[in-house]
Amino acid sequence: MSGVIVTNPPKAELKDVDALAGYGVATVHEAMGRTGLLGTHLRPVQQDTRVAGTAVTVLSWPGDNLMIHAAVEQCGEGDILVVTTTSASTDGMFGELFATALKQRGVRGVVTNAGIRDTAELREMGFPAWAAAVSPQGTVKATGGSVNVPVVIGGQIIRPGDVILADDDGVVCVPRERTGETVEASEARENKEAATRAAFIEGQLGLDRYGLRETLVRLGVTYRSYDEHVRGGVES
């Protein structure tokens, strides 16, 4: 497997990246029209942490972390390392030593479609990580791959410089050219949800706030008292 290391790809503006970090993955996903999620299989090794950064992408051979070493050189302030493999792998390709090198360069976290290890050390040093698996299985450094090329995780294309936002709910990718509009859409959605939350606190029902009673009627859903329901021959 040959490969390429692309240097200095375009990136989303850091001010927009930092603004997106103020919103949750669910909010941003909804604000983008329910797109961008990297799948439910990527889980955090820590809790109560949210990070956003620009993607440095890695395409590696399964069980081989050579290209992660190559990618470290391409990482800088505000980045998030995104690692996937050419076929499914759960080997522990990333651990505390990689995190140490990346943290020194200002990298904000790692997302990998493969395995991760040294999870206690990662939590202790405050380096956020999301992975498809946790495994102590070691790897080799023997096969070429690519850095800063488009990769696919969970059916989602991630390009170098796109925004990666990750929290307890999962991981979402925001295309770098859409960061500004996504910040605005996320703010609007959060304001709308704040108004709805206040209404629910006051006792309003979602059926009324969202106009769902009309939807129930349209779908043929009816209300019956318990006695009517029993007389109709169906008791629950």
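Structural data are supplied above this passage.
Worth saying up front: this structure is predicted, and the values here are computed from it rather than measured.

## Some details on the overall build of the protein
Phase 1: Each helix and strand counted, the protein has nine helices and 11 strands in total.
Phase 2: Radius of gyration (C-alpha) of the protein: 22 Å, far over the 18 Å computed for a compact globule of 236 residues.
Phase 3: Taking the principal axes of its C-alpha atoms as reference, the protein extends roughly 75 × 40 × 35 Å.
Phase 4: A burial count over the protein gives 44% of its 236 residues as buried.
Phase 5: Considering only residue pairs separated by 6 or more positions, the protein has 74% of its internal contacts joining residues 24 or more positions apart.
Phase 6: Per element, the accessible surface of the protein, about 12100 Å² overall, is 51% carbon and sulfur.
Phase 7: The averaged location of the 30 negative side-chain charges in the protein is 3 Å from the averaged location of its 22 positive side-chain charges.

## What to know about helix H4 (residues 96-104)
Phase 1: All buried positions along H4 are accounted for by Phe-98, Ala-99 and Leu-102. Along the axis of H4, the buried positions cluster into a sector of 100 degrees, meaning they face one direction only. Exposed positions of H4 whose direction lies more than 90 degrees from the buried face are Leu-97 and Gln-104.
Phase 2: Downstream of H4 by a residue or two, Gly-106 has a phi angle that is positive, lying close to 85 degrees.

## Some remarks on the pairing of strand S3 (residues 79-85)
Phase 1: For S3, the buried fraction is high: seven of the seven residues fall into the buried class.
Phase 2: Side chains of S3 alternate between two faces, with Asp-79, Leu-81, Val-83 and Thr-85 and Ile-80, Val-82 and Thr-84 buried alike.
Phase 3: As paired elements, strand S2 (residues 51-60) and S3 share seven bridges and run parallel to each other. Within S3, the position partnered with Val-56 by the bridge is Leu-81.
Phase 4: As a crossover connection, the stretch from S2 through helix H3 (residues 66-74) into S3 is right-handed.
Phase 5: Pairing of S3 with strand S5 (residues 110-116), which is carried by three bridges, proceeds in the parallel orientation. By the bridge assignment for S5, Leu-81 is matched with Val-110.

## Considering the nonpolar core
Phase 1: One finds Ile-68, Leu-81, Phe-94, Leu-102, Ile-116, Leu-122 and Phe-127 to be the most contacted residues of the largest nonpolar core, which totals 26 residues.
Phase 2: The biggest single contributor to this core is H3, with five residues.
Phase 3: Apart from the residues within four sequence positions on either side, Ile-116 is in contact with Val-45, Asp-91, Gly-92, Phe-94, Val-110, Leu-122, Ala-129, Ala-131, Ala-133, Val-134 and Ser-135.
Phase 4: Counting 16 residues, the second largest nonpolar core, distinct from the first, contains Leu-42, Val-51, Ile-164 and Val-171.

## Some remarks on the side chain of Thr-84
Phase 1: Mapped onto the secondary structure, Thr-84 falls in strand S3.
Phase 2: Using a relative accessible area of 3% as the deciding quantity, one classes Thr-84 as buried.
Phase 3: Dropping the residues within four chain positions of it, Thr-84 is found in contact with Val-58, Leu-59, Ser-60, Asn-113, Val-151, Val-152 and Ile-153.

## With respect to unusual backbone geometry
Phase 1: The phi dihedral of Asp-118 is positive, around 60 degrees, even though this residue is not glycine.
Phase 2: Phi angles above zero are rare outside glycine, and Asn-148 is one such case at about 60 degrees.

## A word on the layout of surface pockets
Phase 1: Each pocket or cavity is described by its volume, and for the largest pocket that value is around 170 Å³.
Phase 2: The set of elements that each furnish at least two residues to the lining of the largest pocket consists of strand S4 (92-94) and H4.
Phase 3: Of the residues in the lining of the largest pocket, the class split is four nonpolar, five polar and four charged.

Reading the values: the criteria
Residues numbered from 1 in each chain as written. Predicted model: local features only at pLDDT ≥ 70, side-chain atom pairs only at ≥ 80, totals over all residues. Heavy atoms only, no water. Helix = DSSP H or I, 4+ residues; strand = E, 2+ residues; numbered from the N terminus. Rg over C-alpha atoms; globule rule 2.2 N^0.38 Å. Buried < 20%, exposed > 50% of the residue type's maximum accessible area, 1.4 Å probe, protein only. Contact = heavy atoms within 4.5 Å. Areas by Shrake-Rupley, 256 points an atom, 1.4 Å probe, with all protein chains shown as cover. Lys, Arg positive; Asp, Glu negative; His and termini not counted. Charge placed at Lys NZ, Arg CZ, Asp CG, Glu CD. Arc of directions from axis to C-beta. Pairing = 2+ DSSP bridges. Right-handed = clockwise from strand over helix to strand, strands pointing away. Core = buried A, V, L, I, M, F, W, Y, C linked by side-chain atoms within 4.5 Å. 1 Å grid on protein atoms, 1.4 Å probe; cavity = no way out; pocket = protein on both sides within 12 Å on 5 of 7 lines; lining within 4 Å. Points joined across faces, edges and corners; volume = space filled by probe spheres on them. Nonpolar A, V, L, I, M, F, W, Y, C, P; charged D, E, K, R; others polar.

Any functional reading would require information beyond the geometric quantities listed.
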